[in-house]
Amino acid sequence: MGKLTSGRWFAAALAASAVLSAGCTAQADAEDLPGLYRNKETGGEIRLDSNGTFMATHLSTDAHTDPADFHGQWEFVDSSGSDFVYLDIDGRGIGEVSGVQLYARGGGKVAFSTPDGAWSLVLTKSTET
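Small disclaimer: the values here were computed from a predicted structure and weren't measured.

**Overview of the overall build of the chain**
Part 1 of the argument: Across its full length, the chain holds one helix and eight strands.
Part 2 of the argument: Traced from its N-terminal end to its C-terminal end, the chain shows the element sequence α-β-β-β-β-β-β-β-β.
Part 3 of the argument: Within the span of the chain, comprising 129 residues, buried residues form 37% of the whole.
Part 4 of the argument: Residue pairs in contact within the chain that sit at least 24 positions apart in sequence constitute 44% of those at least 6 positions apart.
Part 5 of the argument: Accessible area for the chain stands at about 6,900 Å²; split by element, carbon and sulfur atoms hold 50% of it.

**Description of unusual backbone geometry**
Part 1 of the argument: With a phi close to 55°, His-58 is a non-glycine residue in the positive phi region.
Part 2 of the argument: Structurally, His-58 can be placed in strand β3 (residues 53–59).

**Section: the pairing of strand β7 (residues 109–113)**
Part 1 of the argument: Most of β7 is tucked away, with four of its five residues classed as buried.
Part 2 of the argument: Across three bridges, strand β6 (residues 99–106) lies against β7 in antiparallel orientation. Of the residues in β7, the one forming a bridge with Gly-106 is Lys-109.
Part 3 of the argument: The antiparallel hairpin formed by β6 and β7 contains two residues in its connecting segment, where Gly-107 sits at a positive phi of about 65°.

**What about the confidence of the model for the chain?**
Low pLDDT means the predicted atomic positions in that stretch should not be read closely.
Part 1 of the argument: Here the chain averages 75 in pLDDT, while 64% of its residues score no lower than 70.
Part 2 of the argument: pLDDT under 50 marks residues 11–25. Its contacts with residues more than four places away, or in other chains, come to 39 contacts.

About the thresholds
- Residues numbered from 1 in each chain as written.
- Predicted model: local features only at pLDDT ≥ 70, side-chain atom pairs only at ≥ 80, totals over all residues.
- Heavy atoms only, no water.
- Helix = DSSP H or I, 4+ residues; strand = E, 2+ residues; numbered from the N terminus.
- Buried < 20%, exposed > 50% of the residue type's maximum accessible area, 1.4 Å probe, protein only.
- Contact = heavy atoms within 4.5 Å.
- Areas by Shrake-Rupley, 256 points an atom, 1.4 Å probe, with all protein chains shown as cover.
- Pairing = 2+ DSSP bridges.
- pLDDT = per-residue confidence, 0-100.

Here it is as structure tokens:
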């Protein structure tokens, strides 16, 4: 798969994964979110900076998706029962998914989900900087 095609597929997969039932995630405190989150199995990571920007490196939501790098702005959405981080991806054009949701799971974890509500990629907050 080409980089552009795989990037679009990755973004579409992440957008599709935004569907969750209310109450499936833990409540989170926005002040605790900034930091580096990693998935040891895939090597993927995302850094949420306290200035509202993020950088994702080598992220893939399943075995059939090529890892992708992207960046942009993030915003914490305190929603009744389903707190999440909205990732507004820079450089997305018309017809492309411009943002995805990353759910706060509590215990220093964030996750992308699949349309059926299962967690497809869980990242754990790192003590390293």
